[in-house]
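# Analysis of the macromolecular model
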Amino acid sequence: MEEIIARILTDLEGINQIPNTQSQSPLISRSTLLDLQSLLSTNDPDLLPLFFHDLPSKSLSPSSLTNLLSFTMDSAPSNHLSLLASKVYLSLLLSPKSPVFTLFTPISFLSLLRSLRRAFKNRPFAQPEESAPSHAPPNRKRKGGGRGRGTRSKVRSSGSFSEEESDSLGIKEIFSVFERLVSVLDLIHLDRFPDSLKSLIQTIGEIPLMAMEKFENSGSFNRLMGLCSRVLSEVLRSEHGEMASTAAEVLKALSPLILMVKSQARSFALGFVTKTMMDSGNESDGVKKAVVNFPRYLAQKAPEKAEPRALAVDSIMEVVKVMEFEDQIGYIEYVLKMTQGKANLRLLGVDLIAIMLMSLRDPLGVDLDVEVRDYWGIKCLEALILRCSDLSTGIRARALLSLAQVVGFLSGDDKNKGILKEVMGLGRGGEERPEGGMNDLLRKRCMDEKAAVRKAALLLVTKLTALLGGSFDGVVLKTMGMACSDPLVSIRKAAISALSEAFRTFSDESVTTEWLHSIPRLITDNESSIQEECENLFLELILDRVSRAGSVCSPKKGSILSDSNLTAKSLEREMELLFPEGVIVLLQGICNGEVTPWVKKICTSLGKKKRLKPKIANALQNIIKTSESLWLCHSMPIEKWTAPAGAWFLLSEVSAYLSKAVDWEFLHHHWKILDKNGAKDNFQTSLLQGNADEDEEGIESNSVAWAGDRVFLLQTISNVSVELPDEPAADLAHNLLKRVEKFSMHSTEVNAHVKALRTLCKRKALNSEEADRLVLKWLQLLLSKACEILEKYISYNKEANKSNSFFTPPRSGSRKGKQAATASRLLSKAITAVYTVGSLVVVCPSADVSSIVPLLYTVITSGNPDPKLNKLPGPRVSLKQTAPSLYIQAWLTMGKICLADGKLAKSYIPLFVQELEKSDCAALRNNLVVMMADFCVRYTALVDCYIAKITKCLRDPCELVRRQTFILLSRLLQRDYVKWRGVLFLRFLLCLVDESEKIRQLADFLFGSILKAKAPLLAYNSFVEAIYVLNDCQAHNGHNDSKNSRTESRLFSIRGNDERSRSKRMHIYVCLLKQMAPEHLLATFAKLCAEILAAASDGMLNTDDITGQSVLQDSFQILACKEIRASSNRGSASDTAEVEEEGGDSSASAAAAKGRAITQAVRKGLIQNTIPIFIELKQLLESKNSPLTGSLMECLRVLLKDYKSEIDEMLVADKQLQKELIYDMQKYESAKARTTAAEAVANMQNQTGYQSPCVSKAASGTRAKNKLNQKLQSNSKVASAMADAAAEATARSVLREVNKGAMTPPLNSISMPKLKSKSNQAGSNAQTDRPLDVLESLRRRQSFNSDDEN
């Protein structure tokens, strides 16, 4: 062993003599380090003192040995050599009788830590370590050599290893170093070396992350983490310094690991904090305090993006869960304060509140023995509800989503439901929230301008369904129904889910009605997935519910009602009780006129897919039978019985695909009932007489119900006609023909009878030719009889007119009454005959109508007689006046004939257009618009030239005609039968400000959704022209000065400079601007300046004309509005947050930021280029003393308010304008600040003035001031103005108290002071009782508004 010591000393002496230069450094060789390690590994206590005793003989000292080891740890060519030096150094410190305080220095300890870092920073241990540099080829084996001294390339021949040996050796060396480091920390106290302690903690905090990339073996990684944990545990001892500060450093070092993505390193850091440090906290208050404050530190360091923020929230909750209850309450209070801070903290606070409510035990205090009103969970819920109305979009959406999660989680426990209802303002016994409760919040958020917020609000409604207990707010239901038509697919799906969940849970009539009016119409949605969802929901919530109710119910012999108190309504209630799940109300809703078209489409789609089951048809038959049996059970007359509303309609729709499930005996039985009693009803006579009493009104309404049931029953018979026996089918066809021949039915029944006849003929004929012959045979028979009836009435009407005009003596009353009855009967049959002709043409377009067309022409032209006939003596009465129903019906039938005959249509279409323009009957105009739309589809080229005249109906005085025209033209435009050219687009604009709310909603949807996708450039291309047209200004190109053109232009304009007209035009402009992309907004800005402002400054636009002034003023308002400036602000921080919530990536946000920067730069250049136009226009307006100068200055102020620092450069050509603008900006901001401050102070005073006696005014005033300061603290001018206003209010209150409540007397009641000359000054001073210093102070008193003036 003495030989080893001598060799070590000799090597160290030689190394110590090598100077530390760039080419070489004093490194200890591997052999020397191995010798040192073998020396230190011996257990002989006398060898190490001998080694240290011999050091001075070689001009060495323990300090120089430490320096050499430090050099080697820092500059060794390989990790193995550096780790070996670290191991030797730590072994020296641990050796018995070694001079520890001489060997340990902060510099050497830092070298040791750098060596550890270096071991993890290089290549993974699975790869070969870098060998020492050599001049030999890489694949050539190195030959053995002697021991080198001090150079990097000279190592012992035993220093070369294979890859496996290198990896295993490196891992073993690291573990060995860590184990010795733990022992050294037990020996050496680092309280005297705070920098070394801090470096050690930082190094251990970095190692887990670096080790993840190095260690491929999880066992080795776990062992290393165990060693790191032991090192940190040693550090947390009191011998190493104040435990609180040490714990804080440890937590600070571990926080990056805790906030990173899920990994082994994150698990290690969380495990150390939640287990080891919490255990240490039980013994040390300093460590406990650090751990308790650690979640607050993590909250401040949490990232803003969605996924990393969610991981940070999980990490924070892991720490909070292991804290004591009092500490958890303290952190909850901190989170509640976070929700009132900056945007990023509010967002994080919302996430934390949600996870705390779902993770911590008993958040609402339901398990407590004593009721606590302000328990922590209740405070968190209130804070979460408050954030649902946050200014930031992302926070609103996140708060709503979090609240939905919390409600879904907590409502699973029945104990929590009562408290949840009370907190949300839903409980009956709870106090009403000042904000209006949850229903008010849902109304606002479901109509939010941001899609993410609307979607989150609908999800919250879904979760609240069970909690609401069926007490849905009507406005919330309407809002959900409107959301089903949202432009975004995700919103529509969320609305469908929310409304369907409400309908699935409750059978309330309001919920049922809203569902039926909102969901079935989505069968025509553009998104196929929504169509499928609509079908599935209709099958589940409608058809299956009807099937269950119809299958379990059967006719009852007894009744819950006594016959003495029996009424129709009581029987209706009994029916509702008999059929569960609100099936009767459901069927009534289905037969609503707005719902039936969608129900038909859904049943057709389900039938084609073979998803309709026979049980639905059986259930509907059972419901009808049960209703009839219940009616007869009470001995009620069968002629007054009607089936439940909607039952026959639904059966008629499903029977087309379930013909075998419908029983013929059932149909035959009810047809005999309905046909027998229907024949007895003199339905049309009762309508025409018009003098029925209450009983007759009941008969009339009953007749309408019977007529509807007969129609649906006939449709059902047509659907199942294939299954009918031959003889009953023939009898039925004969019966139907006889009914039609009488021409005494209501129009709704005519179509059903004709269609049923055709179906029976076609399905019972042997072949198609025979079927066509049968149909044509009875069709021609009916046409000839209809011609006879119509011709008879026309002849009778002519004879009656002649006899009335040439018969001088007045006739007797009895004869006149007989004539009126005869005329009424003939008119009724003529109306039905004309309608029947139209139905026959629709059923068989090839029918010969040559005989009926002249008669119809006579009727439709009776309102426009030949001018020559007007010269004849005697009055002429047209059918348009005497028989308006026949007149309208004739036009309708002629339209059907023209649809079947193209040659006839070519001749009659101009006649239809003429009548559309001249008719004073709204019903006829409505029918004509529908016919013209059908003509446009069938004969597009013929109708195209009349589109401008059809669009005049958009300004029709009747709302129904306007709405019908809008809907029909919109469909034609969507299907490309009509193009967006000419005046069509400009005339559609006025629908945006129509008097009817329904038309405005339709127009908003057309322009905001359909048109934006189909023709995105239309708004941009027509914008400037729209300004001229809406103002009825003829200065634009292409105008026509004809009388008709002037009339139409006035009809489709909003002339006037009054506030109402300007607001309407501005609403249209804003709607168009919202459709434009940022680049189109910039281009529109340039077009307005070039085509309107420049035209006005050049004299091409007359600014003296009222319309020219309106155009110019509208242009100023448009240029100053926020919608045209939105290009620079679109995609702001809130929108970015929304994108992140939806899963947007960083590249998309970076591209959006780049686009915003480019847009802002282009906009700035655009404003600079348009400044000369504004200067010229200002000079022109000032020369004419125009009132538009103020509008121009206001527009300039708004445009340049974002470029205050650059106004000097932009307005270098007009210094006067520059000064005026700066002055206007200052005055505007000061006035706005004073107004805001005055309102704030007034609100604060009102809040403190109207407090209840039990509330402390001081406390309420403090809360109001704090809230006000938070709102206004960002604006210094507002704060200054607020201080002035508050001081002024305080002064008034002081003066009021001094005057003891008396008001200051008016000025005219105060006597005027007498002024005295200076010569009498002495006398006056002697007489006055006011000292001079008081008068001087009043003279120096300054105004409250002095800051703003200065």
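Residues numbered from 1 in each chain as written. Predicted model: local features only at pLDDT ≥ 70, side-chain atom pairs only at ≥ 80, totals over all residues. Heavy atoms only, no water.

Before going further, it helps to spend a moment on the environment of Tyr793. Along the chain, Tyr793 turns up in helix 36 (residues 768–806). Apart from residues lying up to four places away in sequence, Tyr793 is in contact with Ala823, Leu826, Leu827, Ala830, Leu879, Ala883 and Leu886. (Helix = DSSP H or I, 4+ residues; strand = E, 2+ residues; numbered from the N terminus. Contact = heavy atoms within 4.5 Å.)

The next subject is the packing of helix 24 (residues 509–518) against helix 27 (residues 583–590). At a closest axis distance of 10 Å, the pairing of helix 24 and helix 27 adopts a crossing angle of 35 degrees. Note that helix 24 runs across helix 27; the crossing there is right-handed. Residues Glu509, Thr512 and Leu516 of helix 24 form the contact with helix 27, whose own contacting residues are Val585, Leu586, Gly589 and Ile590. (Axes fitted to C-alpha atoms, helices over the stretch in contact; angles between N-to-C directions. Left-handed = near helix turned anticlockwise from the far one by under 90°.)

What follows deals with the packing of helix 13 (residues 285–301) against helix 14 (residues 306–321). For any two helices packed against each other, one specifies the crossing angle of their axes together with the interaxial distance. Axis separation between helix 13 and helix 14 bottoms out at 10 Å; the angle between their running directions is 165 degrees. Here helix 13 lies roughly antiparallel to helix 14, going by the angle between them. Along this stretch, helix 13 crosses helix 14, giving a crossing that reads as left-handed. Contacts between helix 13 and helix 14 involve Val291, Phe294, Pro295, Leu298 and Ala299 from the first element and Ile316, Val319 and Val320 from the second. Class assignment of the residues belonging to the contact of helix 13 with helix 14 gives a composition of eight nonpolar, no polar and no charged. (Parallel < 35°, antiparallel > 145°, perpendicular 65-115°, else oblique. Nonpolar A, V, L, I, M, F, W, Y, C, P; charged D, E, K, R; others polar.)

Here Trp980 lies in the loop between helix 45 (959–974) and helix 46 (984–988). Residues contacting Trp980, with those up to four places away along its chain left out, are Leu973, Phe985, Phe988, Leu1006, Leu1011 and Leu1018.

Buried residues dominate helix 20 (residues 437–446), accounting for eight of its ten residues. All of the buried residues in helix 20 are Gly437, Met438, Asn439, Asp440, Leu441, Leu442, Arg445 and Cys446. (Buried < 20%, exposed > 50% of the residue type's maximum accessible area, 1.4 Å probe, protein only.)

This part covers the side chain of Ser547. Position of Ser547 among the secondary structure elements: in helix 25 (residues 528–552). The buried category is assigned to Ser547, whose relative accessible area is 6%. The residues contacting Ser547, other than those within four sequence positions of it, are Lys615, Ile616 and Ala619.

Turning next to the pattern of salt bridges. Where charged atoms from two side chains of opposite charge come close, those side chains can pair. Scanning the entire structure with this criterion turns up 40 salt bridges. Between Arg396 and Asp448 there is a salt bridge, and its shortest N-O distance comes to 3.0 Å. Taken as a pair, Arg396 in helix 18 (residues 393–410) and Asp448 in the loop between helix 20 and helix 21 (451–468) lie far apart in primary sequence, 52 residues in all. The pair Arg396 / Asp448 is uniform in exposure class, with both members buried. With a closest N to O distance of 3.0 Å, Asp486 and Arg454 form a salt bridge. In this pair, Asp486 is assigned in the loop between helix 22 (474–483) and helix 23 (489–505) and Arg454 in helix 21, connecting sequence segments 32 residues apart. Like Arg454, Asp486 is buried. (Salt bridge = Lys/Arg side-chain N within 4 Å of Asp/Glu carboxyl O.)

Now for the environment of Trp671. Position of Trp671 relative to the elements: it lies in helix 31 (residues 664–680). By relative accessible area, Trp671 is classed as buried at 4%. Between the C-alpha atom of Trp671 and that of Arg710, which follows or precedes it by 39 residues, the distance is 7.5 Å.

Here we take up the packing of aromatic side chains. Summed over the entire model, instances satisfying the criterion amount to 19 aromatic pairs. Centre to centre, the rings of Tyr375 and Trp376 are 6.3 Å apart; their planes meet at 40 degrees, and the pair counts as tilted. Assigned by exposure class, Tyr375 and Trp376 land together as buried. When the ring centre of Phe503 is taken as reference, the NZ or CZ atom of Arg545 above it lies at 4.5 Å. (Phe/Tyr/Trp six-rings, centres within 6.5 Å; stacked < 30°, edge-to-face > 60°. Lys NZ or Arg CZ within 6 Å of the ring centre and 35° of its normal.)

Its place among the elements puts His240 in the loop between helix 10 (218–235) and helix 11 (243–258). Only 3.1 Å separates the side chain of His240 from the backbone oxygen of Leu185, close enough to count as a polar contact. (Polar contact = N/O pair within 3.5 Å; in protein donor to acceptor, adjacent residues only side chain to side chain.)

With 75% of its residues at a pLDDT of 70 or more, the protein has an overall mean of 77. For the protein, per-element mean pLDDT is lowest for helix 32 (residues 683–689), which scores 37, and highest for helix 42 (residues 922–938), which scores 93. Long-range and interchain partners of residues 1247–1265, a stretch whose pLDDT sits below 50, account for nine contacts in this model, where long-range means more than four residues apart. (pLDDT = per-residue confidence, 0-100.)

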